[in-house]
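Take a look at the letters that make up each chain.
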Amino acid sequence: MTKRPIFASLLLLSSALVAPAALAQDASAEPAADAPPAADEAVADDTAAPEEEADVSIPGGADEEIVVTGRYTPNIVRATPEVVSSLSSADIARTGEGDISGSLQRVTGLSVVGGGFVYVRGLGDRYSLALLNGSPLPSPEPLKRVVPLDIFPTNVIDSTLVQKSFSVNFPGEFGGGVINLTTKATPRETFLTFSGGIGWDSETTNELGYTYYGSDTDWTGFDDGTRDVPPLLSAALKSGKPILAGADFSQDQLEAIQMELVNAETTLLQQNNHIPVNWSAGITGGTTIQLPDGELGIIATAGISNKWRTRDTLQQTSVNDDLSGDPQTSYNRVITDNRVVVNGLLGFGLELGDHKIRWTNLYIRDTLKQARLALGTDANQSDRDIMKQDTAWYERQLINTQLVGEFKFDRLKLDLRGAYANSQREAPYERGFTYVRTNQPGDPVGDKFVNDLGGNRGDATIAFSDLNEDLWSGGVDLSYELAPRITATVGYAYTDTHRISERRTFQFRASNLPIEVQQLRPDYLLSDATIQLYDISLLETSAQDGTAAFDAKLTTHAGYAQVQAELTAGVNVNAGVRYEEAKQTVVPIDLFGTGSSAIVETNLDNDYWLPGVTLTWEVAPDMQLRLNGSKTIARPQFRELVAQVYQDPESNRLFRGNPSLTDSELWNAEARYEWYFDKDQRLTVAGFYKSIDNPIETYTSISDSSVNSSYANAPKATLYGAELEVQKYLPLDTLSDSPFWQSRRLVLIGNYTYTKSEIKVGDGDTTVINGVVQNAENFFFDGAPLTGQSDHLVNFQIGLEDQDRLSQQTLLLTYASPRVTSRGPSGQPDLKEKPGIQLDFVARQGINLLNKEIELKFEARNLTGRKYQEVQTSGDNKIFFNRYKLGRTFSLSASIKF
């Protein structure tokens, strides 16, 4: 008998690395007999057992038998030719997180900063790319072009793949990595699941907070029309004229506009001594219809969550370089958020032999109803106390539809993908009121808070803002197996993003209001009677805030070629080059036809050759070594390129763009060792290095007691570090003969990331701010870390789980060392956030009741009661930009499957 060993290609799942959508959309497909596991199986078991060999006897000639020796790798983490980390549906469920950003912070090297933006290896969200089923996503955030991942509930996400080494099939904006979210795929069997839960926050639930009425349907996340822009104001906004008293608008017209505004419902802040509990509900169902030549799968899910959060904050600023003396401003501000997230998913999957077509539709609406009350002081008004109250309503919405086709013809594979996504953000009736109290003897006001509407004692403002972004994307990949160990791929990708943003701001102005009127609460102060009796006027201040509106576009075309080959037994290479050209324009809209020279357009037209190569060497049957080198880029985000003022409701900070920003270029290198020492268990160690030309950094300034943040290109930066990850399971059947222990095991999962970054600034280095060349040393310190980068990230999970049925009890610990959030004002220390340690506990238990599967889940978050701190420090002097307690949260939920 003659044995002819045939080495199976290690280019398994190549389509997943060549066409991102192929990986995403095949999330529940069963592998063919001669194929590797599908994406969900691979991701679910990201700790593969050592490769297994199988001998298959095939009849040969009369006296000859051929033995085929095949080898397969049963998970994507090990099989892929790139450096990846993954979260399967089981991993996501174990963390118990309600949104995907919370789950991602458990991944090695990842951290979540401010509102769901994921940082990969210390690089900010601008250096990371989020995809949904392989297609790009628009952002509903005015400050960002990347989508915040906290808007994605975990009930619509099946798995997540994080690729940290660049491969040319992905977009060139790949500084830290790409995060590919895979939505739930069509099922293999019919099911229907109902779920619901309640939650408690120690700092919020049944405690003091503030809110306002709004509309009858606010609890659903949808306004009932109360906040619609009224007809007179709508017509005035479209007139092309600034809304103020003069030739274009009479006082009578301005009073009529004001009286049409919804008053008490959006103005009157109400104290609530018993903030409600958090709650959520959802339904998911799916089925498969058998066809003559294949099958059609259908899945649908819908959910809603309603959560409250109250923060009792201390917010300060200083104008002294060493932060000495009393703060310039100091406010104790209580902020109550009511956040409602509504989501829906509808997916179809058609399989006809080796061909697959997927159509996925996703809807997410994230609404924040916010009320703020502050009491404090301002050194510019040292003789008085200041009280500020604000009410706001922020609607964020994402609609996404994708069509993907995978067609296999023997050695040839064709992948097609197309998607349309729309994101919107509306913020109607952002109201703010300032009252002052002098406390001076002989002052007629005395110890009363007053608001004289625009004089020296208080003001009142209102703003309406709207953002709309459309994103069209498409791509095609053609792969051909040149030989059993060589696959070549060529592809083309296209994206077209168009964003329009507008923010109109107004002040209410009056003169010589009587003292008794100045003391009125906000809704009486701006009542119809007060407006008419005291000739209160409306003054548009949009032009004072910079550019009130902008029109932004980004169009990219990319072509790429890639080869995956086994150079010799156990040594594989994935190499390619991407050519990408992009035209990015940000055009401030001159709403009033003033022809102002302050309106500066941005036009970036760049093209790049971006190479990427990864070498994988199987040094032993259960060990492999990866080496990667690549060049990537990072582009300025739309909002960063326009000089329009925007207030971030999360930090209560003002931001203004810089039209002079340019692209950043990155050179990346990485090495990773992987040891799969037992089934479902692994040890990985990685080292990485990045050199960045013209990194975009945030800096801060103080003007008239207001904190303003903007953006500038630093000359250069470097980033390097190391990662360690261990996953180990210990069977517990040896502890006792009791049936309780026979199927249980101890779960130990831990990872640590060390990252060090430095900004390089030398004599003669410059940066450009709004067209003016300036000394870079005025904005950046040599050796300072990049914003958002923590030196140390630690994640650790220890738990018990039953291998035969659902029963899990898990402790999860997360630690992030201090990180810079913004450069300090000129001469001052940087602003640093101190995330600290967070300890969570999650328990999941499955039971069978009346032949129905029921899952119970209990969560306890932030058991250590850590605080949020964003602080400046100089010696013993401290300024707290933002400090508040993060409550301990407890929740109980259940789901029942039919």
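Residues numbered from 1 in each chain as written. Predicted model: local features only at pLDDT ≥ 70, side-chain atom pairs only at ≥ 80, totals over all residues. Heavy atoms only, no water.

## Overview of the side chain of E723
Phase 1 of the analysis: Secondary-structure assignment places E723 in strand β32 (residues 716-731).
Phase 2 of the analysis: Reaching out from E723, the side chain makes a polar contact with the side chain of K164 at a distance of 3.4 Å.
Phase 3 of the analysis: In this structure E723 touches T108, G109, R121, K164, T684, V685, A686, F688, Y752 and T753, once residues within four positions along its chain are discounted. (Helix = DSSP H or I, 4+ residues; strand = E, 2+ residues; numbered from the N terminus. Polar contact = N/O pair within 3.5 Å; in protein donor to acceptor, adjacent residues only side chain to side chain. Contact = heavy atoms within 4.5 Å.)

## Side note on the packing of aromatic side chains
Phase 1 of the analysis: Tallying each qualifying case throughout the model produces 14 aromatic pairs.
Phase 2 of the analysis: Here W219 and W279 contribute two aromatic rings whose centre-to-centre distance is 6.3 Å and whose plane-to-plane angle is 40 degrees, an arrangement assigned as tilted. Of this pair, W219 sits in the loop between β11 (209-211) and α7 (231-237) while W279 is found in strand β13 (residues 278-291), placing the two residues 60 residues apart along the sequence.
Phase 3 of the analysis: Between the aromatic rings of Y429 and F464, the centroid separation amounts to 4.9 Å while the plane-to-plane angle is 65 degrees, which identifies the pairing as edge-to-face. Of this pair, Y429 sits in strand β18 (residues 412-437) while F464 is found in strand β19 (residues 459-483), placing the two residues 35 residues apart along the sequence. In this pair, the class of Y429 matches that of F464, namely buried.
Phase 4 of the analysis: The ring of Y884 has R311 sitting right over it, with the charged end atom 5.5 Å from the ring centre.
Phase 5 of the analysis: The cationic tip of R333 hangs over the ring face of Y331; the distance from NZ or CZ to the ring centre is 5.6 Å. (Phe/Tyr/Trp six-rings, centres within 6.5 Å; stacked < 30°, edge-to-face > 60°. Buried < 20%, exposed > 50% of the residue type's maximum accessible area, 1.4 Å probe, protein only. Lys NZ or Arg CZ within 6 Å of the ring centre and 35° of its normal.)

## Here's the deal with helix α8 (residues 251-260)
Phase 1 of the analysis: Within the sequence span of α8, burial applies to L254, E255, I257 and Q258. End-on view of α8: buried residues confined to an arc of 160 degrees, all on one side of the axis.
Phase 2 of the analysis: Those residues of α8 hidden inside the fold are in contact with α7, β20 (486-509), α12 (528-533) and β21 (537-540). (Arc of directions from axis to C-beta.)

## Regarding the pairing of strand β28 (residues 664-678)
Regular strands place side chains that alternate from one sheet face to the opposite one.
Phase 1 of the analysis: Bridge count for strand β25 (residues 623-634) against β28 is 12 bridges, and the pairing is antiparallel. Bridging from a neighbouring strand, L625 pairs with Y673 of β28.
Phase 2 of the analysis: Where β28 meets strand β29 (residues 681-693), 12 bridges bridge the pair, whose relative direction is antiparallel. Note on β29: the bridge partner recorded for W667 is S691.
Phase 3 of the analysis: Counted along the chain from β28 to the antiparallel partner β29, the turn is two residues long, and its residue D680 has a positive phi close to 65 degrees. (Pairing = 2+ DSSP bridges.)

## A short note on unusual backbone geometry
Phase 1 of the analysis: Look at D680: it is not a glycine, yet its phi comes out positive at around 65 degrees.
Phase 2 of the analysis: Checked against the element boundaries, D680 lands in the loop between β28 and β29.
Phase 3 of the analysis: In this model, N770 sits at a positive phi of 50 degrees, which is unusual for a non-glycine residue.

Geometric descriptors of this kind do not, in isolation, establish any biological role.
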